[in-house]
Amino acid sequence: VQLQASGGGLVQAGGSLRLSCAASGRTFSMYAMGWFRQAPGKEREFVAGINGNGDYTYYADSVKGRFTISRDNAKNTVSLQMNGLKPEDTAVYYCAAGPRLVTPVPMYDYWGQGTQVTVSS
């Protein structure tokens, strides 16, 4: 599986961005998908995840109620709608694919290249 993330940019606090991740391969629906982020000097952390058929999602407490993950298996895409952005959301955001919807970084086998999100105060 090859993943290509896009949609990052610069936004003011309180604004919105929508990240997208396009996946190659015919087995996309078999994978749980996750969004992670890594701020400078910090470890990569789980943000949101969705299971293979899209009927279960899970969010980090820091983004719950502000971010929404979704997927379209017909188009091999997963998205992250980010509303109410805060300066502390500034990071490089990565999409990842793995066998199960879990939070640990090592449990995901395939990673996109990352897209920068910067939120100004």
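Below, the structure is looked at part by part. (Residues numbered from 1 in each chain as written. Predicted model: local features only at pLDDT ≥ 70, side-chain atom pairs only at ≥ 80, totals over all residues. Heavy atoms only, no water.)

If you look at the biggest cluster of nonpolar residues, it comprises 30 residues, and the most contacted ones within it are Met33, Trp35, Leu80, Met82 and Tyr93. Among the secondary structure elements, those contributing two or more residues to this core are strand E1 (3-6), strand E3 (17-23), strand E4 (32-38), strand E5 (45-50), strand E7 (67-72), strand E8 (77-82), strand E9 (91-98) and strand E11 (115-120). Not counting chain neighbours up to four residues away, the residues in contact with Leu80 comprise Leu17, Arg18, Leu19, Trp35, Val47, Ala48, Phe67, Thr68, Ile69 and Tyr93. Membership of the second largest hydrophobic core comes to 5 residues, among which are Phe36, Phe46, Ala96 and Tyr108. (Core = buried A, V, L, I, M, F, W, Y, C linked by side-chain atoms within 4.5 Å. Buried < 20%, exposed > 50% of the residue type's maximum accessible area, 1.4 Å probe, protein only. Helix = DSSP H or I, 4+ residues; strand = E, 2+ residues; numbered from the N terminus. Contact = heavy atoms within 4.5 Å.)

Spatially, E1-E3-E8-E7 is the arrangement adopted by the 4 strands of the open sheet, whose pairing is antiparallel. Looking at strand neighbours, the two that pair on one side only are E1 and E7, the edges of this open sheet. Each neighbouring strand pair of the sheet contributes to a mean axis angle of 15°, computed without reference to strand direction. Note that E1 and E3 share 4 bridges and pair antiparallel. Looking at E3, one finds that Leu3 is bridged to Ala23. (Pairing = 2+ DSSP bridges. Axes fitted to C-alpha atoms, helices over the stretch in contact; angles between N-to-C directions.)

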